[in-house]
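# Survey of secondary and tertiary structure
As a plain string of letters, each chain reads:
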Amino acid sequence: MSNTTNLVISESLAAARGRLTDALAAAGRPAEDARLLAVSKTKPAGMIREAWLQGQRDFGENYVQEALAKQTELRDLEDIVWHFIGPLQSNKTREVAEHFTWVHSVDREKIARRLNDQRPDGLGPLNICLQVNISAEPSKSGVMLEELPGLAEAVLSMPALRLRGLMAIPAPAREASAQREPFARLRQALGTLRETFPEAPLDTLSMGMSADLEAAVAEGATLVRLGTAIFGERDRTT
Ligand SMILES: *Cc1c(COP(=O)(O)O)cnc(C)c1O
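Residues numbered from 1 in each chain as written. Predicted model: local features only at pLDDT ≥ 70, side-chain atom pairs only at ≥ 80, totals over all residues. Heavy atoms only, no water.

## Quick notes on the environment of leucine 13
In this fold, leucine 13 is placed in helix H1 (residues 3–26). With 58 residues separating them in the primary sequence, leucine 13 and glutamine 71 have C-alpha atoms 21 Å apart. Leaving out residues up to four positions away in the same chain, leucine 13 has contacts with Leu36, Ala51, Gln54, Gln56 and Ile230. (Helix = DSSP H or I, 4+ residues; strand = E, 2+ residues; numbered from the N terminus. Contact = heavy atoms within 4.5 Å.)

## Things to note about the environment of lysine 70
Along the chain, lysine 70 turns up in helix H3 (residues 64–73). Under the relative-accessibility criterion, lysine 70 is labelled buried at 5%. Expressed as a C-alpha distance, the spacing of lysine 70 and glycine 46, which sit 24 residues apart in the sequence, is 9.0 Å. In contact with lysine 70, other than residues within four places in its own chain, are Ser40, Lys41, Thr42, Lys43, Pro44, Ala45, Ile48 and Glu61. Engagement of the side chain of lysine 70 in a polar contact is seen with the side chain of glutamate 66, the distance being 2.7 Å. (Buried < 20%, exposed > 50% of the residue type's maximum accessible area, 1.4 Å probe, protein only. Polar contact = N/O pair within 3.5 Å; in protein donor to acceptor, adjacent residues only side chain to side chain.)

## Some points on H3
Burial in H3 covers these residues: Val64, Glu66, Ala67, Leu68, Lys70 and Gln71. At its buried positions, H3 is contacted by helix H2 (45–53), strand E2 (58–61), strand E3 (81–84) and helix H4 (93–99).

## Quick notes on the site of the ligand
Around the ligand lies a shell of 13 residues, among which Lys41, Asn62, Ser210, Thr228 and Arg234 are the nearest. Between the ligand and lysine 41 there is a distance of 2.7 Å, counted from an oxygen atom to a side-chain nitrogen or oxygen. Across the complex, the protein chains shield 90% of the 390 Å² of accessible surface that the ligand would expose by itself. (Near = heavy atom within 4 Å. Areas by Shrake-Rupley, 256 points an atom, 1.4 Å probe, with all protein chains shown as cover.)

## Remarks on the nonpolar core
The biggest cluster of nonpolar side chains holds 67 residues, and the ones touching the most others in it are Phe59, Val103, Leu115, Ile128, Leu130 and Leu166. The residues contacting valine 103, other than those within four sequence positions of it, are Phe84, Leu88, Val96, Leu115, Leu126, Asn127, Ile128 and Cys129. (Core = buried A, V, L, I, M, F, W, Y, C linked by side-chain atoms within 4.5 Å.)

## So, the layout of surface pockets
Of the pockets and cavities examined, the second largest pocket occupies roughly 280 Å³. Every residue lining the second largest pocket is counted, 13 residues in all, and those nearest its centre are Gln71, Ile80, Trp82, His99 and Thr101. For the lining of the second largest pocket, a count of residues per class yields six nonpolar, three polar and four charged. (1 Å grid on protein atoms, 1.4 Å probe; cavity = no way out; pocket = protein on both sides within 12 Å on 5 of 7 lines; lining within 4 Å. Points joined across faces, edges and corners; volume = space filled by probe spheres on them. Nonpolar A, V, L, I, M, F, W, Y, C, P; charged D, E, K, R; others polar.)

## Let's talk about the pattern of salt bridges
Taken as a whole, this structure holds 15 salt bridges when the rule is applied. With a shortest N-O distance of 2.9 Å, arginine 57 and aspartate 79 are connected by a salt bridge. One end of the pair, arginine 57, is in the loop between H2 and E2; the other, aspartate 79, is in the loop between H3 and E3, with 22 residues separating them in the sequence. One network of salt bridges, with partners in common, ties together Glu61, Glu66 and Lys70. (Salt bridge = Lys/Arg side-chain N within 4 Å of Asp/Glu carboxyl O.)

## Observations regarding the UniProt feature "modified residue: N6-(pyridoxal phosphate)lysine" (unreviewed entry) in the chain
As annotated in UniProt, the feature "modified residue: N6-(pyridoxal phosphate)lysine" (unreviewed entry) corresponds to Lys41 in the numbering used here. Position of lysine 41 relative to the elements: it lies in the loop between strand E1 (35–39) and H2. (UniProt positions renumbered as here; feature names shortened; annotations may be inferred.)

## Describing the pairing of E2
Judged by which residues are buried, E2 turns out to be covered on both faces: Asp58 and Gly60 on one side and Phe59 and Glu61 on the other are all buried. Of the strand pairs in this sheet, E1 and E2 are connected by two bridges, and their pairing is parallel. Note on E2: the bridge partner recorded for valine 39 is glycine 60. With respect to chirality, the unit in which E1 leads through H2 into the neighbouring parallel E2 is right-handed. In this structure, E2 lies alongside E3, joined through four bridges in parallel fashion. Paired with glutamate 61 across the two strands is phenylalanine 84, which belongs to E3. (Pairing = 2+ DSSP bridges. Right-handed = clockwise from strand over helix to strand, strands pointing away.)

In structure tokens form, the structure reads like this:
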């Protein structure tokens with residue numbers, strides 16, 4: 001890892017932290033009310049290590065094989081927290097259940113059931129966010145809002161899963177007000193779930209990426225998923 005790269009990661013991470021701090025302040029929210037998830041898909045393990053050295057602990061990955069290779073390379077970083085945030089196929093659930101602390105992309109009961117059944121006893125419950133198709137885009141991932149209560153109820157009955165909240169990737173929008181609207185709907189959906197299931201540990205709104213962090217924080221995001229803003233542009237489109 002060259003010094004140039006070290007410099008870039010420390011600076012971009014500091015800038016990302018500054019954006020989050022400013023967005024929280026602008027929203028009148030406490031400084032520690034949301035945290036950064038560094039999305040490291042397609043980026044080498046060395047860049048993750050540099051961010052870790054700057055104090056970053058939560059990392060998001062989208063591709064199982066790629067993530068497992070990096071986890072092996074970084075196994076000395078004991079307190080690192082791995083989040084799976086990509087589309088999840090049935091044939092990959094075992095590896096995710098065994099190697100991640102969080103999954104943000106659960107959108108159907110079958111996948112949840114497999115994660116529950118495959119979670120190793122010794123690891124404690126797997127933290128789950130349900131991915132909502134908040135812009136109701138055809139053929140996009142995520143459960144529709146109408147089906148959310150049923151899926152939440154099913155996940156809450158699974159002892160090896162811990163339902164923490166909701167995740168969404170809204171359709172891209174340029175105006176701040178247009179960006180905020182789907183995030184507001186996700187916040188309201190979490191509020192409704194909290195009323196329906198008052199015992200559930202529903203404390204997480206996983207929303208906001210490099211282009212719309214401010215809008216997401218204004219609407220209550222607790223975990224913002226930043227890739228490009230921390231690690232730079234990606235080569236492949238994802
Ligand atoms: C890639 C990705 C991100 C990060 O996107 P950026 O625009 O690079 O910040 C966040 N969430 C998910 C689910 C992703 O796949």
